[in-house]
Amino acid sequence: MLLTIMAILAVAVSVCAAAWFAQGWAARAFQNYRAAFQRQAVDRLSEFFLFLDPSQLWVANLAVCASLAVFLYIATGTVWLAL
């Protein structure tokens, strides 16, 4: 009886250890797959779309708004229209 319980316990511990190692391997494999997929997707999508950094867009937006305000002030001479 004790030998049977010890055998069942040993099998259960072995299965748990194997599942633990398999889970670690699967997590690393998924991370590698995801990184490769994202690289490939960005490479393929960059052929069709123009990707811009939002911080660059923000600076460009501020520059365009300031330029437009200066142009309107020079063109009309009124501050309220330029703002």
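Residues numbered from 1 in each chain as written. Predicted model: local features only at pLDDT ≥ 70, side-chain atom pairs only at ≥ 80, totals over all residues. Heavy atoms only, no water.

(A) Structural detail: the overall build of the chain. Helix and strand counts for the chain stand at three helices and zero strands. In sequence order, the chain lays out its α and β elements as α-α-α. Its C-alpha atoms give the chain a radius of gyration of 31 Å, clearly above 12 Å, the size a compact globule of 83 residues would have. In terms of principal-axis extent, the alpha carbons of the chain reach across some 100 × 30 × 10 Å. (Helix = DSSP H or I, 4+ residues; strand = E, 2+ residues; numbered from the N terminus. Rg over C-alpha atoms; globule rule 2.2 N^0.38 Å.)

(B) Structural context of the environment of Ala66. Its place among the elements puts Ala66 in helix α2 (residues 54-76). Judged by relative accessible area, which is 44%, Ala66 ranks as partly exposed. Sequence spacing of Ala66 and Leu83 is 17 residues, and the spatial spacing of their C-alpha atoms is 9.4 Å. (Buried < 20%, exposed > 50% of the residue type's maximum accessible area, 1.4 Å probe, protein only.)

(C) Representation of α2 in the model. Over its 23 residues, α2 runs 32 Å from end to end, which matches the ideal 33 Å to within 8%, given 1.5 Å per residue. Remark: Gly77 follows α2 within two positions and exhibits a positive phi of approximately 80°. (Expected span 1.5 Å × (residues − 1).)

(D) Examining a nonpolar patch on the surface more closely. Taken together, Val70, Tyr73, Ile74, Val79 and Leu83 make up a surface patch of nonpolar side chains, about 580 Å² in accessible area. No other element matches the three residues that α2 contributes to the nonpolar patch. Tracing the backbone shows Val79 in helix α3 (residues 79-82). (Patch = residues over 30% accessible without salt bridge, like charges linked within 9 Å, V, L, I, M, F, W, Y side chains within 5 Å. Areas by Shrake-Rupley, 256 points an atom, 1.4 Å probe, with all protein chains shown as cover. Salt bridge = Lys/Arg side-chain N within 4 Å of Asp/Glu carboxyl O.)

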